[in-house]
Number of protein chains: 2
Amino acid sequence: MRMRRKKNLDKRLESCGNLIFSIESEDKNFNTAIEEKEYIDLEKWFGNSNPVRLEVGCGKGQFAAEIAKRNPDINYIAVEKCANVVVIAAERAIEENIPNLRFIKGSAEYLPKYLPDGIFDRVYLNFSCPFPKKKYANHRLTNRKFLAIFDRLMTTDGEIHQKTDNMHFFEYSIQEFSEYGMAIKNVSLDLHNSDFEGNIVTEYEKRFSDLGQPIYRLEAYKK
Amino acid sequence: MRMRRKKNLDKRLESCGNLIFSIESEDKNFNTAIEEKEYIDLEKWFGNSNPVRLEVGCGKGQFAAEIAKRNPDINYIAVEKCANVVVIAAERAIEENIPNLRFIKGSAEYLPKYLPDGIFDRVYLNFSCPFPKKKYANHRLTNRKFLAIFDRLMTTDGEIHQKTDNMHFFEYSIQEFSEYGMAIKNVSLDLHNSDFEGNIVTEYEKRFSDLGQPIYRLEAYKK
């Protein structure tokens, strides 16, 4: 079920000023689209040249807001394709006055059109949609198609940090990272009962963990 | 605690005839030892030139016996360093008349001294000792030191199939395979509730699974 576009959404998006960059050309042919570069001027956007990290699928932005607050000297771009949701994330960033957080409304496929290669040393995938049916496996954000995109956007020593509550999605992800040629480190098969420190627990994560569901986490990198 | 050598052990080992090859030179320097090749004549040992697969840490041999019976055209070598245990496995192979199963009593480190390179297309690690303390990590059979040994013994398209009930050992193994340059496929984080078919459930595996403990499994291969 597709969520209905909320009332006043356009106004609300607009009032988030330049915090949200909207990808509008999603109907165009993907391959053609990403060849016609329209790079965002990141230094201008953030007003500084600090390092930039990426979260893909930020939802209402709880993780992005928290990590941006904890690391004021790092800039964060949070990507979310659902307009209804990204607007909430951006309004929160304004309300909480988080200067180092920006949003891209759009699908991850189009990122290479707007972002130069080799800029992120960290890509976060938090509780991405698992697309449980096999026939939608290529929609999963750890599908090799997306890994190729993240790889392109990442520095050579870049890392993808993934968290999920979905066991089969995690199994799939390990295989896709492997198959793509990425190595895996710091695996947790039960994050909340591990010695991992500094985890940012979102409401979603807490809800699943409270149900006794283990949270899975890994870091993938190019060897 | 080291188990006491059982009464009549030598006699029992002897009565297993040429089913058990005993590595006796473990006190020698490891590196020197494996340079002085004393290859076992596998064709003579098995009486045929069928393909050969390896299990490392076979315990009382329940898995080895079962897989050998299911695949009469494949030869199996099961390795176990504890004499008290390997003798039980070998006696069982005699009792159940399994012609395609042989045993090596000794530590995995010494295998390259007695087995030529590139001969196994499959190495099984079933419920290997997890050595939970970090300082003994290099004793774990998925430590890169052992992976290098298995890699050497395996065909270029060889696979290591691992099963364990120990979560932290499995996390560690994923990382070690990765770090060593092996890719991972067919991951199960809850084997008994997966669609994996043909699993051989040993008593040990059943006991842990009955306690509600998930069984972890993966296949690692050189990319």
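Look up a bit, the structure's there.
To keep things clear, this report deals only with the structure shown in the data block. Values in this document were obtained by computation on a predicted structure and should not be read as measured data.

## Observations concerning the overall build of chain A
Moving on, step 1. Scanning chain A from terminus to terminus reveals nine helices and eight strands.
Moving on, step 2. Computed over C-alpha atoms, the radius of gyration of chain A comes to 17 Å, within 12% of the 17 Å expected from 2.2 N^0.38 for 223 residues, which places it in the range of a compact globule.
Moving on, step 3. Considering chain A as a whole, with its 223 residues, one finds that 52% of them fall into the buried category.
Moving on, step 4. Here the analysis covers contacts within chain A between residues at least 6 apart in sequence; of these, 79% occur between residues at least 24 apart.
Moving on, step 5. Accessible surface for chain A amounts to roughly 11100 Å². Of this, 48% is attributable to carbon and sulfur atoms.
Moving on, step 6. The centroid of the 34 positive side-chain charges in chain A is displaced by 5 Å from the centroid of its 34 negative side-chain charges.

## Considerations on the interface of chain B and chain A
Moving on, step 1. Chain B puts 21 residues into the contact, and the matching count from chain A is 22 residues.
Moving on, step 2. At the boundary of chain B with chain A, total buried surface from both sides reaches about 1600 Å², with 56% on carbon and sulfur atoms.
Moving on, step 3. Where chain B meets chain A, there are two salt bridges.
Moving on, step 4. Where Lys223 of chain B meets Glu179 of chain A, a salt bridge forms, and the shortest distance between an N and an O atom there is 3.4 Å.

## Focus on the sheet that holds strand β6 (residues 154-164) of chain B
All names here are of chain B.
Moving on, step 1. Pairing is mixed across the open sheet formed by eight strands, whose spatial order is β1-β4-β3-β2-β5-β6-β8-β7. Sheet topology places β1 (20-22) and β7 (182-188) at the edges, where each strand pairs with a single neighbour. Adjacent strand axes in the sheet meet at a mean angle of 20° when their direction is disregarded.
Moving on, step 2. Two strands pair when backbone bridges link them, and β6 and strand β8 (residues 216-222) are joined in this way by six bridges, in the antiparallel orientation.

## A few points about the packing of helix α7 (residues 144-153) of chain A against helix α8 (residues 167-180) of chain A
A pair of packed helices can be characterised by two numbers: the angle between their axes and the separation between those axes.
Residues and elements named next belong to chain A.
Moving on, step 1. Put simply, α7 and α8 touch, their axes get as near as 10 Å, and they point 60° apart. Accordingly, the angle class assigned to the pair α7 and α8 is oblique. Handedness of the α7/α8 crossing: right-handed. Taken together, the residues of α8 that come into contact with α7 (itself represented by Arg144, Leu147, Ala148 and Asp151) are Glu176, Phe177, Glu179 and Tyr180.
Moving on, step 2. Broken down by class, the residue content of the contact of α7 with α8 amounts to four nonpolar, no polar and four charged.

## Some details on the relation of the copies chain B and chain A
Moving on, step 1. In screw terms, the move from chain B to chain A is a rotation of 180° and a rise of 0.0 Å along the axis, fitting with an RMSD of 0.0 Å. Here the transformation between the copies is reduced to the relation of a two-fold axis. Rotation axis and chain B: the residue whose C-alpha lies nearest the axis is Ser178 of chain B, separated from it by 3.7 Å.
Moving on, step 2. Counting the interface residues of chain B, we find that 100% of their copies in chain A are interface residues as well, pointing to one common contact surface.

Cut-off values and rules
- For every chain, the first residue of the written sequence is number 1, and numbering continues from 1 onward in sequence order.
- Written order determines the labels here, with chains lettered from A and ligands numbered from 1.
- Thresholds applied to this predicted model are a pLDDT of at least 70 for local features of residues and 80 or more for the giving and counting of side-chain atom pairs; totals over whole chains, interfaces and linings are not thresholded and use all residues.
- Computation of side-chain values covers all heavy atoms of the structure but excludes hydrogens and water.
- Put simply, DSSP marks the helices as runs of H or I at least four residues long and the strands as runs of E at least two long, and each gets a number from the N terminus on.
- Each radius of gyration reported is based on C-alpha atoms, and the globular scaling rule is 2.2 Å times the count of residues to the power 0.38.
- Buried means the residue's accessible area, taken with a 1.4 Å probe over protein chains only, is under 20% of the maximum for its type, while exposed means over 50%, and partly exposed covers the values in between.
- Throughout, a residue-residue contact means that at least one pair of heavy atoms, one from each residue, lies within 4.5 Å.
- Each accessible area is a Shrake-Rupley estimate made with a 1.4 Å probe; only the visible protein chains count as cover when residues are assessed.
- By the counting rule applied here, Lys and Arg register as positive and Asp and Glu as negative, while His and the ends of each chain are not counted.
- A charged residue contributes its charge at one atom only: NZ of Lys, CZ of Arg, CG of Asp or CD of Glu.
- Here the buried area means the combined drop in accessible surface, using a 1.4 Å probe, for two parts upon being joined, counting both sides.
- Salt bridge, as applied in this entry: a Lys or Arg side-chain nitrogen positioned within 4 Å of an Asp or Glu carboxyl oxygen.
- Note on pairing: two strands pair once DSSP finds at least 2 bridges between them.
- Helix axes use the C-alpha atoms of the stretch in contact, all axes being lines fitted to C-alpha atoms, and the angles between their N-to-C directions lie in the range 0 to 180 degrees.
- Working rule for angles: under 35 degrees goes down as roughly parallel, over 145 as roughly antiparallel, 65 to 115 as roughly perpendicular, anything else as oblique.
- Note: crossing handedness is left-handed where the near helix turns anticlockwise from the far helix by less than a right angle, and right-handed where it turns clockwise.
- Three categories are distinguished: nonpolar for Ala, Val, Leu, Ile, Met, Phe, Trp, Tyr, Cys and Pro, charged for Asp, Glu, Lys and Arg, and polar for the others, with Gly belonging to the last.
- Our superposition of the copies is a least-squares fit, built on the C-alpha atoms of residues whose pLDDT is at least 70 in both.

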